[in-house]
Amino acid sequence: MYRERLREKLVEALKAVLPIGGIVLLLSFTIAPMPASILLAYLFGAALLILGMMFFTLGAELAMQPMGSELGSGLTKSRKLWLLLPVGFLLGFLITVSEPDLQVLADQVLSIPSRVLILCVAGGVGLFLVLALLRMLFGISLRVLLLICYGVTFVLLFFVPKDFLAVAFDAGGVTTGPMTVPFIMAFGIGIYSIRSDRHAAEDSFGLIALCSIGPILTVLILSLIYRPEDALYTVTAIPVIDDSITLVTLFTKALPAYLKEIAVSLLPIVAFYLIFRLLYLRIHRLGFNRRSARRVAVGLVYTYVGLVLFLTGSSVGFMPAGSYLGQTLAALPYRWIIVPLGMVIGYLIVAAEPAVYVLMKQVEELTSGAISGTALRVSLSVGVSVSLGLAMLRVLCGVPIIWFLLPGYGIALLLSFFVPKLFTAIAFDSGGVVSGPMTASFLLPFAVGACVSVGGNVVTDAFGVVAMVAMTPLITIQILGLVSVLKPRRSAKAPAPEAPDAYYTIIEL
């Protein structure tokens, strides 16, 4: 049963990882030659990445999504606000603490203790998940909440140390990674499943969007409290590999740490779900479904194995390669080439983010194919391509990140007045989804390496690449929505949409 599905997921993983692997190999054999040790670690890491994606995507389908959906529908059916809100906060907090991407970012920023930064960010996600639940329950406009929250955020920018602007927006991107996205999106679908009103589908999106704002605000406030003198960062170590034994040892030494990290990450979520399920079955006097429990158990094992392999491969194999590639390209006499090459890498790397597949599938299911997964993926790829090109421009020219964030988010919020609400919700969710482990473990070291090579300020010029990656999809996905509105209007035969909320046009590429 699972063998056939694993084969399907393997094909998906190969299609996702091989393009980015191919472009890195092409560069390494042409204009950016790599030492054999880095190249070997990269190739071995790519193999682990493929296996990890294969197991994780199947595990998310079997376990993480059903668990989140069951929690969302069960808590909503209780109609008890006093229960839903604290449980929502606890859920957001636990999932964020368990998010591997956040640990990667926290380890690279030394000015704030890792534990303090992680707990602060987790608290922000918990609070904003509660806000997202209140929005869904009381029908509050997502656009209004986004305008208010980002308005407060940009006011705060004028009072915080400039060295922490990029770190704060990076924190908003990395919190919504492979652990958070499947669970929280399924949580929203669970709430949607027991609603029958016409806005239920669009309201099931937007949870990720709001959960991405919480960390930005909390890190900005934290920077006002800590006021560190210098913003420090961790330099990516370049491995030295003499033979095949050393190569294997490099990964096996890192493996125990990830085995422990992912176990600690998953256990609170599993325990939370089991307690809820036992109480729910007892209250409603329902029988124990062995088949469903076995399916979830198998899915959790796949999720665990997949994340361990994925993170080991990306951290040990991809971080040194990204850093070295960035340094080499930026040191060329024609260093400007890093901008178009960065755009190509950005376009291809989206497919290697495991959470992107979760978003694509759920968007297709909830819109009954009205928004195709292919159109969504291409829009995300274009957005990340543009963002990485701008990020490389920042590295070369030292342009402050605020010059990109203010107009970028301004355009995104302005577009929300002209596109269907569903596209706005999906767009702001997408910003968090694309900034996952591949961004933290490859694109950020890539930008840091390039910044070191040109002699720039790493914290102000290189950090912020995650924030840029999280911003541009807000615009490209909404442009996709704008096209869906304008197409019927340009056709003489096709009727115009009945209301701004309509999303009947099938978007396919």
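Residues numbered from 1 in each chain as written. Predicted model: local features only at pLDDT ≥ 70, side-chain atom pairs only at ≥ 80, totals over all residues. Heavy atoms only, no water.

*Asks:* Which parts of the structure should I look at to understand the overall build of the chain?
*Replies:* Within the chain, the secondary structure is distributed over 20 helices and zero strands. Residues classed as buried in the chain amount to 61% of the 509 residues present. Excluding contacts between residues fewer than 6 apart, the proportion of contacts in the chain whose partners are at least 24 apart in sequence is 87%. Of the accessible surface of the chain, which amounts to about 20,000 Å², a share of 67% is contributed by carbon and sulfur atoms. (Helix = DSSP H or I, 4+ residues; strand = E, 2+ residues; numbered from the N terminus. Buried < 20%, exposed > 50% of the residue type's maximum accessible area, 1.4 Å probe, protein only. Contact = heavy atoms within 4.5 Å. Areas by Shrake-Rupley, 256 points an atom, 1.4 Å probe, with all protein chains shown as cover.)

*Asks:* How do you make sense of the pattern of salt bridges when you look at a structure like this?
*Replies:* A side chain of one charge can pair with a side chain of the opposite charge if their charged atoms are brought near each other. One pass over the full model with this rule turns up four salt bridges. Note that E61 is salt-bridged to R5, the shortest N-O span being 2.7 Å. With E61 in helix α2 (residues 36–78) and R5 in helix α1 (residues 2–28), the pair connects residues that are 56 residues apart, well separated along the chain. In this structure, the salt-bridge partner of K9 is E12, at a minimum N-O distance of 3.9 Å. In this pair, K9 and E12 both sit in helix α1, three residues apart, roughly one turn of the helix. One network of salt bridges, with partners in common, ties together R5, K9, E12 and E61. (Salt bridge = Lys/Arg side-chain N within 4 Å of Asp/Glu carboxyl O.)

*Asks:* It is not clear to me how a positive patch on the surface should be interpreted in this structure. Could you clarify?
*Replies:* Taken together, the side chains of R290, R291, R294 and R295 present a region of like positive charge at the surface. Within the secondary structure, R291 sits in helix α12 (residues 290–330). For R291, a relative accessible area of 67% puts it in the exposed group. (Patch = residues over 30% accessible without salt bridge, like charges linked within 9 Å, V, L, I, M, F, W, Y side chains within 5 Å. Lys, Arg positive; Asp, Glu negative; His and termini not counted. Charge placed at Lys NZ, Arg CZ, Asp CG, Glu CD.)

*Asks:* Any chance you could explain the side chain of S381 here in plain terms?
*Replies:* Considering the arrangement of structural elements, one finds S381 in helix α15 (residues 373–397). We classify S381 as buried; its relative accessible area is 2%. One polar contact links the side chain of S381 to the main-chain carbonyl oxygen of Y347, over a distance of 3.4 Å. In this structure S381 touches G346, Y347 and V350, once residues within four positions along its chain are discounted. (Polar contact = N/O pair within 3.5 Å; in protein donor to acceptor, adjacent residues only side chain to side chain.)

*Asks:* Would you explain the packing of aromatic side chains in this entry?
*Replies:* By convention here, two paired aromatic rings are described through the distance between centres and the angle between planes. A complete count under the given rule lists twelve aromatic pairs for this structure. Feature note: the residues Y150, F154, F169, Y409 and F428 constitute an aromatic cluster, connected by ring pairs. A cation over an aromatic ring shows up here: R143 above the ring of F417, its NZ or CZ 4.7 Å from the ring centre. (Phe/Tyr/Trp six-rings, centres within 6.5 Å; stacked < 30°, edge-to-face > 60°. Lys NZ or Arg CZ within 6 Å of the ring centre and 35° of its normal.)

*Asks:* Got a minute to help me understand α12 in this structure?
*Replies:* Since the α-helix turns once every 3.6 residues, residues separated by three or four places project in the same direction. Over its 41 residues, α12 extends 57 Å from the first C-alpha to the last, a length consistent with the 60 Å expected when each residue adds 1.5 Å. Within α12, the axis deviates most sharply at F318, by approximately 40 degrees, and proline P320 lies no more than four positions further along. (Expected span 1.5 Å × (residues − 1). Bend = angle between axes of the 7 residues up to and from the residue.)

*Asks:* I tried to follow the nonpolar core on my own but got confused; where do I start?
*Replies:* It is characteristic of soluble globular proteins that their nonpolar side chains tend to be buried jointly. Core analysis: the largest hydrophobic core is formed by 177 residues, its most contacted members being L325, L329, I345, M392 and F442. A total of 20 residues in this core trace back to one element, the largest contributor, which is α2. Sequence-distant contacts of L329, that is, excluding residues within four places in its chain, are made with L27, I31, A32, R335, I338, L341 and F446. (Core = buried A, V, L, I, M, F, W, Y, C linked by side-chain atoms within 4.5 Å.)

*Asks:* Which parts of the structure should I look at to understand the confidence of the model for the chain?
*Replies:* Low pLDDT means the predicted coordinates in that region are not meant to be read closely. Scored by pLDDT, the chain comes out at a mean of 79, with 84% of its residues at no less than 70. In the model, residues 494–509 has pLDDT below 50 throughout and makes 38 contacts with residues more than four positions away in sequence or in other chains. (pLDDT = per-residue confidence, 0-100.)

*Asks:* Explain a nonpolar patch on the surface to me, please; I cannot follow it from the model alone.
*Replies:* Side chains of L81, L137, F138 and I140 sit close together on the surface and give an oily, nonpolar patch of about 340 Å² of accessible area. With respect to the helices, strands and loops of the structure, I140 is situated in the loop between α5 (114–138) and α6 (142–156). Taking the relative accessible area as the measure of exposure, I140 reaches 34% and is therefore partly exposed.

*Asks:* Looking at this structure, I do not really get the side chain of T153. What am I missing?
*Replies:* Tracing the sequence through the fold places T153 in helix α6. Once residues lying within four places of it in the same chain are set aside, the contact partners of T153 are F169, I213, I216, L217 and L220.

*Asks:* What am I meant to see in helix α17 (residues 421–434) here?
*Replies:* End to end, α17 covers 20 Å across 14 residues, agreeing with the expected 20 Å (1.5 Å per residue, within 8%). Most of α17 sits inside the fold, with 13 of its 14 residues counted as buried.

*Asks:* Just to check I follow, could you spell out the environment of P268 for this structure?
*Replies:* Here P268 is to be found in helix α11 (residues 244–284). When the C-alpha atoms of P268 and V97 are compared, they prove to be 9.6 Å apart, with 171 residues separating the residues in sequence.

*Asks:* What exactly am I supposed to notice about the packing of α12 against helix α13 (residues 338–349) here?
*Replies:* Any two packed helices are characterised by the angle at which their axes cross and by the distance between the axes. The contact between α12 and α13 brings their axes to 10 Å, and the two run at 150 degrees. Considering the angle they form, α12 stands roughly antiparallel to α13. Listed contacts from α13 to L325, G326, L329 and A330 of α12 are I338, L341 and I345. Looking at the contact of α12 with α13 residue by residue, the class counts come to six nonpolar, one polar and no charged. (Axes fitted to C-alpha atoms, helices over the stretch in contact; angles between N-to-C directions. Parallel < 35°, antiparallel > 145°, perpendicular 65-115°, else oblique. Nonpolar A, V, L, I, M, F, W, Y, C, P; charged D, E, K, R; others polar.)

*Asks:* Quick question: what am I supposed to make of the environment of D243 here?
*Replies:* For D243, the position within the fold is in the loop between α10 (207–226) and α11. What makes D243 partly exposed here is its relative accessible area of 40%. When the C-alpha positions of D243 and S37 are compared, they lie 8.6 Å apart, and in sequence the two are 206 residues distant.

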